[in-house]
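A structural walkthrough
Below, each chain spelled out in residue letters.
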Amino acid sequence: MSLSDGFGLWGTVGVILDLTGAIGAASVGLWLWPRRARLAEAGIATVAALFFTAGWCIAAAAAVTAEVPIFASVAESLRNLAWLVVIHRFFAGDGRHSSLAPIRPVIFALAFVELLHLGMILALSSVAMERGLVSLGFDIEVMLRLLVTVGGLVLVHNLYAGAPREMRAGLRWPAVGLAVLWSFDLNLYTVAYLARSWPGEIGALRGAAALALAACFAIAASRNRDELRLKPSRAVTFQTFSLLVIGVYLVAMVAVAQWLSYAGGDFARLIEMAFLTLASAFALVVLPSRRVRSWLKVILAKHFFQHRYDYREEWLRFTRTIGSNDDRGLPLEERVVQSVADITDSPAGLLLTPDEQGDLTLAARWNWPDVDVPATAYPLSALAPFEQSGHIADLDDLREGRTPRGLDVEVPEWLGGERRAWALVPLVHYDRLVGMVVLARPSMARKFDWEDFDLLRVIGQQLASYLAENASQEALAESSRFEDFHRRIAFVMHDIKNLASQFSLLARNAELHAEKPEFRADMLVTLRNSSDKLNALLTRLSRYGSGAVDRLEPVRAADVARGVVRRFGGQVVLTEAQELIATANAHSLEQVLVHLVQNAVDASKPDRPVFLTLAAEGLHARFEVVDSGCGMSAEFVRHRLFKPFVSTKSGGFGIGAFEARELVRGMKGRLDVESREGLGSRFIVRIPLALSNDIQQDSVRKDQKVA
């Protein structure tokens, strides 16, 4: 036969927990003996009380298995007396046993009650009594136990609450352990008194209370006890308190319903059901409401916590709100309002930001679509108090004429007349007002205190930095767009400048050679080419700055080279021009060569020619522009030559070399430079031959066939 077969499931649980509590208490007592000095005056008494507690647990287990409850009752009295001695020694540790006169009489009174109880149970155990006297004796025994447990809890409360602040760290865990032990006994004996019988299910759990007591004293004697502090979060406290309120409500509702069932007579059941229905409906409507939750939060923050806000939770929520940037998220301006409103439980808000004149205008709404905001929401002349001091304004105070000392705060008419508007939170960044949040009145409006001001001021500064950074990014993006526009215009002006140079050269030559038919024919060709280039320039405006090329096609490279030489006259010499077909754009290739030759001419003396060469190099057409001019340093070629808008020429745009390289890349070619200061420069342009393009296409087709 198993153990549970002998005395039931709860008896088995009680024996297991009692033996576990005995082992825990004895183990902590043995461990604490060499460390008893850590508990000062109460060290020896605590070790003794732990062993008495272990003996009580063993006696309780024996009372279940051998059905001898007198041993458990005697052991419990000895346990309580031992812990009363421990409490007295704790009071003696800081000298309060001599300064607080009521302490010693209370302890002696509780010890007397416990001894009286001990004598009574010993006397009753040896006398045979009738059933009525047994019930009376049980009630007296329970009442005496209740007196001791209530008195013990009062002593524990005074022990910790009345201790100096520097002594509370050493008393925290002992007080918790004794409160657990006697609070459990208080509930146990209260139920026993009301039921007029021993609650076996609850009594089976007494060993767990002893185990918790031993654990608390072990923590109290450990070296890292100060790190082990029970600090429930505000969320846990709020949920626990909410459940407690709901539990009290349900108990009260059941009690009233039970009373109605006794007092209602023939209609008792009907009255009871009607009351339960109405009470349940009331609970479903009232308890989940936002106003009730706000009231509970205010009560808890005021009476259960030193600070109103859980700063860690508030900061995590703030970062989650302001940092959410997914496709479904709100714009930054609305997230700014929401992050401030979440702190004060405001249901809506507005964001006002400065315009070009400095007046605040509406920038965003959050859950507040119906408020009528004028074009100038807050004039610049009234913003000085907010910008200078970061003052957070309570609009209710301002409406009633209560202005802060030393500040002349003005409220616009529309804001003063909007009764839902509750507070103004300025967003100040480096002594500059970058915005202001208008908060709507929460369901539980209250006055701001120093904690609200500190948190809102810090959040406001952080939000101001976000808004300032966002404004800087937008300004940078706008500046980048203007830069791109200016770059395009610079490219256009550069090309127009080259065409103007050609027209000037043509005009000078016309003065000398206008009567020659050959010159006139060449002039017409030049004018036609210049006109074509202007038209091509207009069509290429969209691609300037990116190096894009309109279309690649087979081009006679020698014709392009000879056309460039003709444009510059006798100072440019074409030393070699092989008949090659390149894959390029004729206008872009000519533009590249014209720029390189023009730079070479500008860098050379008038009596020194510039050489242009065209030859095949593998699968590329190789153009070389060589001059014997001033040359360039390696540092200039590496860092400045191809950098846009950097020029060594007076009045130059600094984009010619950059555009030439980008155009060559657009034609899938390459531009290289060799130069030495004082000796000259060599520009090498490699453009793929049409043959190489055919070979590449054939290779792709073969690979596709193999695949």
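Residues numbered from 1 in each chain as written. Predicted model: local features only at pLDDT ≥ 70, side-chain atom pairs only at ≥ 80, totals over all residues. Heavy atoms only, no water.

Considerations on the pairing of strand β1 (residues 349–354)
Formally: Partly exposed describes any residue whose relative accessible area lies between the buried limit of under 20% and the exposed limit of over 50%, with all areas from a 1.4 Å probe on protein chains only and scaled to the type maximum. Numbered from the N terminus, helices here are DSSP runs of H or I no shorter than four residues, and strands are runs of E no shorter than two. Here, any two strands with at least 2 DSSP bridges between them count as paired.
Within β1, 5 of the 6 residues are buried, which leaves it mostly tucked inside the rest of the structure. The antiparallel hairpin formed by β1 and strand β2 (residues 360–366) contains 5 residues in its connecting segment, where Gly358 sits at a positive phi of about 95°. Where β1 lies against strand β5 (residues 432–440), 4 bridges are found, and the strand directions are antiparallel. Counterpart to Leu351 in the pairing with β5 is Val437.

A closer look at the packing of aromatic side chains
Threshold: Pairing of aromatic rings covers Phe, Tyr and the six-membered ring of Trp, with a centre-to-centre limit of 6.5 Å; geometry is then stacked below 30 degrees between planes, edge-to-face above 60, and tilted otherwise. Criterion for a charge above a ring: Lys NZ or Arg CZ within 6 Å of the ring centre, and within 35 degrees of the ring normal.
Tallied over the full model, the rule gives 4 aromatic pairs. Between Tyr378 and Phe386, the ring centres sit 5.8 Å apart and the planes meet at 85°, which makes this aromatic pair edge-to-face. For Tyr378, a relative accessible area of 0% gives the class buried. One aromatic cluster in this structure is built from Trp315, Phe318 and Tyr466. Looking at Arg36, its charged tip hangs above the ring of Trp33, at a distance of 4.0 Å from the centre. Seen from the ring of Trp56, Arg79 lies directly overhead, with NZ or CZ sitting 4.3 Å from the centre.

With respect to the nonpolar core
Applied cut-off: Residues belong to one nonpolar core when they are buried, are Ala, Val, Leu, Ile, Met, Phe, Trp, Tyr or Cys, and are joined through side-chain atoms within 4.5 Å. Here a residue-residue contact requires only that any non-hydrogen atoms of the pair lie within 4.5 Å.
Judged by nonpolar contacts, the single largest core of 49 residues is most densely connected at Trp83, Leu178 and Trp182. Setting aside residues no more than four positions away along its own chain, Trp182 makes contact with Arg79, Asn80, Trp83, Leu84, Ile87, Thr149, Gly152, Leu153 and Val156. By size, the runner-up hydrophobic cluster in this structure holds 42 residues, among which are Val565, Ala621, Phe642 and Val685.

Things to note about the sheet that holds strand β12 (residues 680–688)
Quick reminder of the rule: Axes here refer to lines fitted to C-alpha atoms; in helices the fit is confined to the stretch in contact. Angles between the N-to-C directions go from 0 to 180 degrees.
In space, the 5 strands of this open sheet follow the order β7-β9-β10-β12-β11, with mixed pairing throughout. In the strand order of this sheet, the two ends are held by β7 (572–577) and β11 (670–676), each with one partner. Sheet twist, expressed as the average angle between the axes of neighbouring strands with direction ignored, equals 15°. The pairing of strand β10 (residues 620–627) with β12 spans 8 bridges and is antiparallel. In the strand pairing of β12, Phe623 is matched with Val685. Packed onto the sheet, helix α21 (residues 557–568) meets β7, β9 (610–617) and β10 and runs at close to 165° relative to β7. Along the sheet face, helix α22 (residues 586–603) touches β7, β9, β10, β11 and β12 and points at about 20° away from the line of β10.

Remarks on the confidence of the model for the protein
A low pLDDT score tells you not to read the predicted coordinates there in detail. Quick reminder of the rule: How sure the predictor is of each residue is captured by pLDDT, a score from 0 to 100.
In the predicted model, the protein carries a mean pLDDT of 77, and the fraction of residues at 70 or more is 73%. Confidence drops under a pLDDT of 50 for residues 1–6, and excluding neighbours within four residues, the segment shows 3 contacts in the predicted structure.

Things to note about the environment of Glu400
Inclusion rule: Residues adjacent in sequence count toward polar contacts only when both atoms are side-chain atoms; beyond that, a polar contact is any pair of N or O atoms within 3.5 Å, and within protein one must be able to donate a hydrogen and the other to accept it.
With respect to the helices and strands, the residue Glu400 is situated in the loop between α17 (395–399) and α18 (413–417). Of the residues examined, Glu400 reaches a relative accessible area of 52% and is grouped as exposed. A distance of 2.3 Å separates polar atoms of two side chains, one belonging to Glu400 and the other to Arg402.

Looking at the packing of α22 against helix α24 (residues 656–666)
The cut-off we apply is this: In a left-handed crossing the near helix is turned counterclockwise from the far helix by less than a right angle, and in a right-handed crossing that turn is clockwise. Side-chain classes follow a simple rule in which Ala, Val, Leu, Ile, Met, Phe, Trp, Tyr, Cys and Pro form the nonpolar group, Asp, Glu, Lys and Arg form the charged group, and the remainder, Gly included, forms the polar group.
Put simply, α22 and α24 touch, their axes get as near as 9 Å, and they point 145° apart. When you trace α22 past α24, the crossing you get is left-handed. Contacts from Ser588, Gln591, Val592 and His595 of α22 reach α24 at Gly656, Ala657, Glu659, Ala660, Leu663 and Val664. When grouped by side-chain class, the residues that make up the contact of α22 with α24 number 5 nonpolar, 4 polar and 1 charged.

Focus: the sheet that holds β2
Taking strand neighbours across the sheet as the criterion, the 5 strands line up as β2-β1-β5-β4-β3 in an open arrangement whose pairing is antiparallel. Where the open sheet ends on each side, the last strands, each with one partner, are β2 and β3 (393–394). Both strand β4 (residues 421–429) and β5 contribute to a ladder of 8 bridges, which runs antiparallel. The partner of Ala421 across the bridge, within β5, is Ala440. Sheet strands in contact with helix α15 (residues 332–344) are β1, β2, β4 and β5, and its direction is about 70° off that of β2.

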